[in-house]
Amino acid sequence: MSQSKLRILFVVVLVFLLVGITYTLFSEQNKEVNQEAVTAPQLGAEETQKTLVSEEPKPPRVDYGNSVPPDFLSSLPIEDGAALTESFGLDYQNQGQSTVSFSSKKTAEQNFDTYRSFFTEEQFSIVNEYKSESLYSLYATNEKVEVNVTIASDERSEGATVTISVLRKKS
């Protein structure tokens, strides 16, 4: 073999050797990085749940069928003729929750306006309100209660589903 062919062969072997070494080094570094990512402590579902769940046991749910819960805020407007789809109460240590849900023939926006007017007229403080194309909500408080109203558009009936939760603080 001539010297020029040997030099070419040497350069080709050297290039393959450098490529192989580079590949090996980078793949080892990637393995270490991937291993660190796998073994790094992460907040899993169990830990997340522990941080979100209070120590207070969940109270039993009392269903009221087609009736409004007895400690529901009676002045809150519920559409005439609307059948309750859900009605229940929960009795926590420091507060009681009463929730009703019903299907409305009014649009979500009409319901939103009804409850917003009610809160204003009854001198509630509206803490938060949200409007989107298909979901509306109001959160209002006074010295006695906190009320959350969620209204979801129902495209099938062109009406809405209204859910109202009332929280009463215990003295």
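Everything below is about the structure shown above.
The rules behind each value
- Residue numbering note: each chain is counted from 1, following its sequence as written.
- Since the coordinates come from a predicted model, pLDDT governs what is reported: local features require at least 70, and pairs of side-chain atoms require 80 or more to be given and counted, while whole-chain, interface and lining totals use all residues.
- Side-chain figures throughout are based on the complete set of non-hydrogen atoms in the structure, without hydrogens or water.
- A run of H or I in DSSP becomes a helix once it reaches four residues, and a run of E becomes a strand once it reaches two; helices and strands are each numbered from the N terminus.
- Partly exposed describes any residue whose relative accessible area lies between the buried limit of under 20% and the exposed limit of over 50%, with all areas from a 1.4 Å probe on protein chains only and scaled to the type maximum.
- What sets the accessible areas is the Shrake-Rupley method with a 1.4 Å probe; for residues, cover comes only from the shown protein chains.
- Two residues form a contact once any of their heavy atoms are found within 4.5 Å.
- Whether two strands pair comes down to DSSP finding at least two bridges between them.
- Orientation is described by lines fitted to C-alpha atoms, with helices fitted over the stretch in contact, and by angles between N-to-C directions that extend from 0 to 180 degrees.
- Definition of a polar contact: a pair of N or O atoms within 3.5 Å, with one able to donate and the other able to accept a hydrogen when the atoms are protein atoms, and with sequence-neighbouring residues admitted only if both atoms are side-chain atoms.
- By convention a nonpolar core is built from buried Ala, Val, Leu, Ile, Met, Phe, Trp, Tyr and Cys residues, the set being connected through side-chain atoms within 4.5 Å.

Chemist: Quick rundown of the overall build of the chain? Include the residues and the values.
Modeler: A count of helices and strands for the chain gives 3 helices and 7 strands. For the chain, the α and β elements follow one another from N to C terminus as α-α-β-β-β-α-β-β-β-β. For the chain, buried positions account for 26% of its 171 residues. Just so you have it, the chain exposes about 12,400 Å², and 54% of that area is on carbon and sulfur atoms.

Chemist: Residues and numbers for the environment of V100, please.
Modeler: Its location among the elements puts V100 in strand β3 (residues 95-104). Overall, V100 belongs to the buried group, its relative accessible area being 0%. Considering only alpha carbons, one finds V100 and G89, 11 residues apart in sequence, at a separation of 8.9 Å. What V100 contacts, discounting residues up to four positions off in sequence, is V68, P69, F72, I78, L84, E86, S87, V162, T163 and I164.

Chemist: Now, about the sheet that holds strand β2 (residues 84-91): what can you tell me, with residues and values included?
Modeler: An order of β1-β2-β3-β7-β6-β5-β4 is seen for the 7 strands of this open sheet, with the pairing classed as antiparallel. Since the sheet does not close on itself, it has two edges, and those belong to β1 (61-63) and β4 (125-131), each with one partner. For this sheet the average axis-to-axis angle between neighbouring strands, irrespective of direction, equals 15 degrees. As defined by bridge partners, strand β5 (residues 135-141) adjoins strand β6 (residues 145-154) across 7 bridges and the pair is classed as antiparallel. The residue bridging T141 from the neighbouring strand is E146, located in β6.

Chemist: Give me the lowdown on the side chain of S98, citing residues and values where you can.
Modeler: Within the secondary structure, S98 sits in strand β3. Ignoring sequence-local partners within four residues, the contact set of S98 consists of P69, D71, F72, F88, G89, I164, S165 and V166.

Chemist: Before we move on, could you go through the side chain of S165 and cite the residues and values that matter?
Modeler: On the secondary structure map, S165 appears in strand β7 (residues 159-169). You can call S165 buried: its relative accessible area is 17%. A polar side-chain atom of S165 sits 2.8 Å from a polar atom in the side chain of T99. When sequence neighbours within four positions are dropped, the list of residues in contact with S165 reads Q97, S98, T99, E146, V147 and N148.

Chemist: Mind laying out the nonpolar core, listing which residues take part and the relevant values?
Modeler: Of all hydrophobic cores here, the largest spans 23 residues; its most connected members are L76, Y115, F119, V147, V149 and I164. Mapped by element, the contributors of at least two residues to this core are β3, α3 (108-121), β5, β6 and β7. If one sorts the elements of this core by residue count, α3 sits on top with 5 residues. Discounting chain neighbours no more than four positions away, the residues touching I164 are F72, L76, P77, S98, T99, V100, F102, Y115, V147, N148 and V149.

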